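Breakdown of the fold
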Amino acid sequence: MNRGFAFYFAKGMRTAAKSILKGGKLLQYYIYFFASLIGRLIPFVGMIFFVSDVRRAKIAKDEGELTILRPFGGVEKGASFGATVLSSLLLLLLLLGGLSIAAGIGYGLYIGGYAFGKAVDVNPPAILGVVFAIPAIAAALVYIVVMLLLFAPVPYIIDTNEKIGAAAALTASVETMRRGGKLTCFLNVVVPLLIKSAYCGLVYGIWWGLMFLVGYKIVVLVSVSIVWAAIALVGYIVFAPVFTLATTVANTCLFEDISLDPAALNNRTKGVFVKRSRIHDRTDPAALENDLLDLFETEPQYQPPPVPPLKAERMPPRETAAPPVAETVETVEAVAMDDTQETDAL
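Basis of the calculations
Residues numbered from 1 in each chain as written. Predicted model: local features only at pLDDT ≥ 70, side-chain atom pairs only at ≥ 80, totals over all residues. Heavy atoms only, no water. Helix = DSSP H or I, 4+ residues; strand = E, 2+ residues; numbered from the N terminus. Buried < 20%, exposed > 50% of the residue type's maximum accessible area, 1.4 Å probe, protein only. Core = buried A, V, L, I, M, F, W, Y, C linked by side-chain atoms within 4.5 Å. Contact = heavy atoms within 4.5 Å. Axes fitted to C-alpha atoms, helices over the stretch in contact; angles between N-to-C directions. Parallel < 35°, antiparallel > 145°, perpendicular 65-115°, else oblique. Left-handed = near helix turned anticlockwise from the far one by under 90°.

Once that is clear, we can look at the overall build of the chain. Within the chain one finds 12 helices and zero strands. With 346 residues in all, the chain has 31% of them scored as buried.

In this section: the nonpolar core. Residues F151, I158 and F255 are the most contacted members of the largest nonpolar core, which totals 36 residues. Elements that contribute at least two residues to this core include exactly α1 (5–22), α2 (26–39), α3 (48–63), α4 (78–119), α5 (126–150), α6 (154–160), α7 (166–178) and α9 (218–258). Top contributing element to this core by residue count: α9, with nine residues. Discounting residues that sit within four places of it in the chain, F151 has contacts with L91, L94, L170, S173 and V174.

Okay, the packing of α1 against helix α8 (residues 182–214) next. Packing of α1 against α8 brings their axes to within 10 Å, and their N-to-C directions diverge by 55 degrees. In terms of their interaxial angle, α1 and α8 are classed as oblique. With respect to the hand of their crossing, α1 and α8 are arranged in right-handed fashion. Contacts between α1 and α8 involve F5, Y8 and F9 on the former and, on the latter, T184, L187, N188, V191, P192 and I195.

Below you can see the structure in the form of structure tokens.
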């Protein structure tokens, strides 16, 4: 269940501050940070850092520790490494495919705008071409953001499921984010970036204020600028890692709450545990939603074996009491007398 941006961001900030500042792990943070920064530039190998970031966030959240080597335990096996590399390549191809379509549409709009600009004597006509291509540029940016959000849980899913394949991880990621969490994930990334950007803007604004107070004395201006830059840099070095780690921790906690089980999705894909739907019999929107949610089951529900009906106990046949012997003799004699009378009459 998604608990909202405020919950995850606050939890990420507490965990990051405890792990980095109170734990005295600032040096270890920057060793890992620069290693990942360089490693991401290496083809294939750099992709393991996406999964190691998740493992590092889990360790920080559960143990309050910030380690360097333990985060790579999530991709040390061949299956996890292969799924990490292949899923990253597939995501890259999907991004390039969508951007190629947007680029083709944008180029066509640009040519149309350029031709229209020449027809109406706009100088230069390329300006109108760029204006015409703005919708395609906006669509490309939206496509990138949506794709990154849809596949954001992939590293977490690979780290959590050791034997999962790339296709199953991508499918589970998309199905997870389709059910909610995109806005929370987006805010977990954007808000820390805005805070760090605001800090840089504040530093620049204060520097301009110092320049106005000092005047244009070159020696004093340079000295004040160097001192202020050193103070601002130290402040950024100390607080920026907290927000960076908070982003990873917040999204990791989010994915722990909303991530779907890939095994259950695999069962759904194969058509296992499919229940019969009676949607055509229902017209209430709430009922339709419940039917859709109940259409697939992640596991078969236990059904008790039917109890056979109790068989009626056989009753012994009723015994009719035999008539008394005296009555039987009298009956025989009466019949004999009737026969004799009939014979005499004849």
